[in-house]
Amino acid sequence: MNYHYPFINTPLPYSYDALEPYIDQKTMHLHHDRHLQTYIDNLNALLKENPQYQTWSLEELLYRWQELPPSLQIPIRRQAGGVYNHRFFFDGMTPPEKSLINLSVVREIEKYFPDFHDFSERLKQAALSVFGSGYAWVVLDHGNLKIMTTANQDTPIGENLHPILNVDVWEHAYYLKHYNLRGDYFDDWLYVINWDAAKQRFLEAVKNA
Ligand code: MN3
């Protein structure tokens with residue numbers, strides 16, 4: 001993985017068509033090669049002009065944004081958020097035949113939600129509730145597993161806030177295949193969640209909480 005300036009568009013951890021039939025190949029090409037690439041190019045351009053921040057990691061740029069000069073705060077948060085959120089989203093998916101939830105994950109979710117169905121239904125409602133563009137997230141917040149949403153490229157990241165899963169609900173994430181039906185896209189996304197990645201992130205978050 002590439003953590004510092006200059007940021008490069010690291011390849012997807014699976015082929016472009018690996019998430020078919022749930023997420024289509026053309027969407028993955030455009031999403032990774034064009035949308036994410038644009039955030040990377042814009043972030044590199046900002047950091048090229050401001051070399052004192054070139055050693056900051058992507059995460060630092062996001063959670064230490066208040067230390068940036070006022071004129072850079074919004075642009076850096078938008079572009080670094082666009083890079084972070086997309087990498088997190090792509091790494092949080094896997095081919096459907098590998099998207100196996102295991103009992104330990106279900107048990108963990110059921111400590112915080114009545115059951116797995118309730119959890120996925122709440123996450124879906126959160127995804128549907130995002131007005132315009134943004135993300136629905138599963139986060140560990142002060143040790144509690146929670147569902148939340150962010151607008152645009154905002155990122156829920158901080159000392160006591162650790163993201164576990166996100167689903168990109170910008171229209172570019174689904175419009176070619178699912179048209180305007182965000183709920184259908186969400187239902188398909190459930191088949192390609194990388195539960196192993198979610199579990200690893202959760203264990204890391206618990207360790208750092
Ligand atoms: Mn996107």
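It should be emphasised that the depicted structure is a prediction, and the values quoted were computed from it without experimental measurement. (Residues numbered from 1 in each chain as written. Predicted model: local features only at pLDDT ≥ 70, side-chain atom pairs only at ≥ 80, totals over all residues. Heavy atoms only, no water.)

**Re the coordination of the manganese ion**
- Around the manganese ion, the protein supplies His31 (NE2), His86 (NE2), Asp168 (OD) and His172 (NE2) as donor atoms, at distances of 1.9 to 2.1 Å.
- Taken in chain order, the donor set of the manganese ion reads H-x54-H-x81-D-x3-H. Separated by 82 residues along the polypeptide, His86 in helix H3 (residues 70–91) and Asp168 in strand E3 (residues 161–168) bring together distant segments of the chain. With respect to burial, His86 and Asp168 carry one shared label: buried. (Donors = N, O, S within 2.8 Å, 3.2 Å for Na, K, Ca; no water. Helix = DSSP H or I, 4+ residues; strand = E, 2+ residues; numbered from the N terminus. Buried < 20%, exposed > 50% of the residue type's maximum accessible area, 1.4 Å probe, protein only.)

**Brief notes about helix H4 (residues 103–112)**
- Taken together, the buried positions of H4 are Val105, Val106 and Ile109. Buried positions in H4, seen along its axis, are confined to an arc of 100° and lie on one side of it. Opposite its buried face, H4 presents the exposed residues Leu103, Arg107 and Lys111, each directed more than 90 degrees away. (Arc of directions from axis to C-beta.)

**Concerning the side chain of Arg201**
- Residue placement: Arg201 occurs in helix H8 (residues 195–208).
- Asp91 provides the closest opposite charge to the buried, unpaired Arg201, separated from it by 5.1 Å.
- The contacts of Arg201, once residues within four sequence positions are left out, are Phe88, Asp91, Gly92, Pro163, Ile164 and Leu165. (Lys, Arg positive; Asp, Glu negative; His and termini not counted. Salt bridge = Lys/Arg side-chain N within 4 Å of Asp/Glu carboxyl O. Contact = heavy atoms within 4.5 Å.)

**Thoughts on the nonpolar core**
- In this structure, Leu43, Leu61, Ile76, Met93, Val167 and Trp189 are the most contacted members of the largest nonpolar core, which totals 61 residues.
- Tallying contributions element by element places H3 first for this core, with eight residues.
- Other than its neighbours up to four places away in sequence, Trp189 contacts Phe89, Met93, Leu123, Leu165, Asn166 and Val167. (Core = buried A, V, L, I, M, F, W, Y, C linked by side-chain atoms within 4.5 Å.)

**Some details on the pattern of salt bridges**
- Considering all chains together, one arrives at seven salt bridges under this definition.
- Where Glu108 meets Lys111, a salt bridge forms, and the shortest distance between an N and an O atom there is 3.2 Å. Here Glu108 and its partner Lys111 are both found in helix H4, three residues apart, which amounts to about one turn of the helix.
- Of the residues examined, Lys111 reaches a relative accessible area of 60% and is grouped as exposed.
- Asp118 is paired through a salt bridge with Arg122; the nearest N and O atoms lie 2.7 Å apart. Of this pair, Asp118 and Arg122 both sit in helix H5 (residues 116–129), four residues apart, which is roughly one turn of that helix.
- Given a relative accessible area of 44%, Arg122 falls into the partly exposed group.
- Taken together, the shared-partner salt bridges in this structure form one network comprising Glu60, Arg64 and Glu67.

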